[in-house]
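# Descriptive structure summary
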Amino acid sequence: MNHEPFRKEELETLYRVARAINTSEDLESCFRRVLDLLKQGMGLERGMISVLRRDLDEVHLVVGHGLSPDAQFRGRYLLGEGVTGRVAKTGRPMAFFNLDKQPLFLDRTGARRAVDRTELAFICVPIVYEDNVVGVLSTDKLSRLVADLRAEVHFLSAVAELIARKVFTRSVVEENARLKELFSQTRPLDGNMIGNSKRMKEINLLISQVADSRATVLINGETGTGKELIAETIHNLSSRKDGPFVTVNCAALPDTLIESELFGHTKGAYTGAVSSSPGRFELAEGGTIFLDEVGELSLLAQAKLLRVLQEGEIQRVGSSKTIKVDVRVIAATNQDLMVRMEQGRFRSDLYYRLNVFPIMAPPLRDRGADILLLADYFAGKYADNMQKSIHRISTSAINLLTTYHWPGNVRELENCMERAVLLAREDVIDAHHLPPTLQVKTGPERDAPRGELKQLVAAYERELITDALKASSGNQTKAAESLGTTKRIIQYKISKYGIPYSRFRHAEPSDSAMA
Amino acid sequence: MSQFPELTAEQLEKIRALEKELGDVCLLAVRRAEAMYAVEVKIDKNHWKPIDEVYSEIQGLRSYFLSRDDAKKAKDSLKSLITSKAGQQLEKRPIRVQKLSEG
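Residues numbered from 1 in each chain as written. Chains lettered and ligands numbered in written order. Predicted model: local features only at pLDDT ≥ 70, side-chain atom pairs only at ≥ 80, totals over all residues.

As a further point, take the overall build of chain B. On a plain count of helices and strands, chain B comes out with three helices and four strands. Traced from its N-terminal end to its C-terminal end, chain B shows the element sequence α-β-β-α-β-α-β. Taking all 103 residues of chain B together, 22% fall into the buried category. Counting only contacts in chain B whose residues sit at least 6 apart along the sequence, the fraction spanning at least 24 positions is 57%. (Helix = DSSP H or I, 4+ residues; strand = E, 2+ residues; numbered from the N terminus. Buried ≥ 20, exposed ≤ 12 C-beta atoms within 10 Å, placed from the backbone. Contact = placed C-beta atoms within 7 Å.)

Before going further, it helps to spend a moment on the sheet that holds strand β5 (residues 120-129) of chain A. Residue and element names in this part refer to chain A. Strand order in the open sheet made by the six strands is β3-β2-β1-β6-β5-β4, with antiparallel pairing throughout. With one partner strand each, in any of the chains shown, β3 (76-78) and β4 (94-96) form the two edges of the open sheet. Sheet twist, expressed as the average angle between the axes of neighbouring strands with direction ignored, equals 20 degrees. With 10 bridges joining them, β5 and strand β6 (residues 132-142) adopt antiparallel strand pairing. (Pairing = 2+ DSSP bridges. Axes fitted to C-alpha atoms, helices over the stretch in contact; angles between N-to-C directions.)

Taken together, the contacts link 14 residues of chain A with 15 residues of chain B. At the level of elements, α1 (8-21) and α5 (149-185) of chain A are the ones that each hand at least two residues to the side of chain A that touches chain B. A total of eight residues in the side of chain A that touches chain B trace back to one element, the largest contributor, which is α1(A). When its residues are assigned to classes, the side of chain A that touches chain B shows eight nonpolar, one polar and five charged. (Nonpolar A, V, L, I, M, F, W, Y, C, P; charged D, E, K, R; others polar.)

Turning next to the environment of A:Gly312. Residues and elements named next belong to chain A. By secondary structure assignment, the location of Gly312 is in the loop between α10 (299-311) and β12 (313-315). Classification of Gly312 by C-beta neighbours within 10 Å gives partly exposed; the count is 14. Gly312 sits 12 residues away from Lys324 along the chain, and the two C-alpha atoms are 6.0 Å apart. Apart from the residues lying within four places of it in its own chain, the contact partners of Gly312 are Lys324 and Val325.

The subject of this paragraph is the sheet that holds strand β7 (residues 217-220) of chain A. All names here are of chain A. Strand order in the open sheet made by the five strands is β8-β11-β14-β7-β15, with parallel pairing throughout. A single partner strand is all that each edge strand has here, and the edge strands are β8 (245-249) and β15 (357-360). The sheet shows a mean angle of 20 degrees between the axes of neighbouring strands, direction not considered. Across five bridges, β8 lies against strand β11 (residues 288-292) in parallel orientation. Counted as the bridge partner of Val246 is Ile289 from β11.

All names here are of chain A. Ranked by internal contacts, the top residues of the largest apolar core, which has 69 residues, are Leu14, Val17, Val34, Val159 and Ile163. Every residue in contact with Val17, bar those within four places of it in the chain, is listed here: Val34, Leu37, Val159, Leu162 and Ile163. Listed in part, the 38 residues of the second largest apolar core include Leu253, Ile258, Phe346 and Ile359. (Core = buried A, V, L, I, M, F, W, Y, C linked by C-beta atoms within 7 Å.)

The subject of this paragraph is helix α4 (residues 82-90) of chain A. Residue and element names in this part refer to chain A. All of the buried residues along α4 are Val83, Thr84, Gly85, Val87 and Ala88. Residues of α4 that are buried make contact with β1 (45-53), β2 (58-64), β3, β4, β5 and β6. Just downstream of α4 lies Gly91, where phi reads positive at about 75 degrees.

Our focus in this paragraph is unusual backbone geometry. Residues and elements named next belong to chain A. You will see that Glu130, though not glycine, has its phi angle at about 45 degrees, which is positive. A positive phi angle, close to 55 degrees, is found at Asn409, a residue other than glycine. Considering the arrangement of structural elements, one finds Asn409 in helix α15 (residues 409-423). You can call Asn409 buried: it has 21 C-beta atoms within 10 Å.

Read these as layout, nothing more, since geometry by itself doesn't imply function.
This is how it looks when you write it as structure tokens:
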């Protein structure tokens, strides 16, 4: 549609709006300033800027000219509801000469209760950023001052275009806050269980279901998957949390000692038993005992353990006296106990006693979504320990972390991040800080054809430029400086590789990979 | 075109004397600044003009600033206006911030 060119005063207001949004003020003050300018320059009153919340399908008022916080809070519309909601839904502007005749107009904020609505024109336009509606801008104007409603819509659309990036930033800031909240909710159990993957959510659910019961739990999983952490979480969530949590690594104890270690011994029970000593079961009285690598127990020890589980009583080595114990048992193994049972190396009755509530700790390769969360967590943990300032994990490092098959699971990832933090000279963890095992062909995904040198160089170049742009918040000049090249070359490469550099503008340099 | 003349001490003295003669009149405002910055638009090769002269259709446009930051903000604001749909009626040209003088 052809429009008349903007008049001088309109261009002046638009320039002033452009200046207002180029300030370093906070977003709300900036929006307020824009609405002030619309009133002063163009007589557009009761301006409102709302942001689209896609997660709720609602439009929320962010700044309303002359509105109290209460009134502002009421300015929430479902998509399609009222004029604001409809404009947000359709992405098309709406304008009326006489506000009073508009049944769609809800006036939820109550801003126009005290004014004669028959004299008011209302103009409402979508705020569009990169082809998506991100918000709505609306204002009133005295009808008698409106010569051409289409021209008013045209002008307000120009304002909306100028403020679109800021409104988008505002929605990103809100989304960021929501994600942070969500992230904090992903570790509600005791602050140690990190993960937002489907598998971890299932584990969290199982833990919360079993924690407050007395049921024996058998945790099965590969080495380094966090079996002990799961056991500790169960203990901390149970009513026994104030009691002791005693860990026994059954594989580390020789057959001759395990019985004495678990159940204690009396003075003179065997050579060297110079005094009576309580076993781990007695030490765990009123709490939880965690039997790690339970599959390694000898058949004799298995029989004694079965008695504790069945009767709730133990006998110290060298004593005929039975001692009642109130201990919850959580066992873990990385072996297939069914197979060991078939081989006659694990008692079936003990297996069924232990396997009351089985939990399968998933390997890290099945928790793809958690790798970065965990990497961030460990990077932060070791950066604190080593008093370093690590702000980011580079794209190339992220690629290595996410494509590796992690045979050592979370333990391996933790060690890997500890090493990376130690080696990092600046505030970024790069691919070359990761151990060589991650850099070589290991997983099946790395057997894919690797392409020609030209393609590989191009991929590496793209990564380098993306990293530099992230570090400079999308500033091409700074990115060019950091790579020791010219802005012109960077611009050419951005266009060649289609790097979405504008996305990095809204994020602080430290936000690109850290949670 | 707006210009900032460089005056000698004698010339300044003559102007001050003329001001006294005329009465309550200020002919010359002197401000000592470390530098002044102009926001300019490229008209032709090696030919730049202050923005207020080129984009005279925008009222209230200032071309001269005492700080580089202010000049840069003015340049960025003008660029975002010109590159938006609203700026289609304004001719798109290179814009620069130029340091004018040192005190």
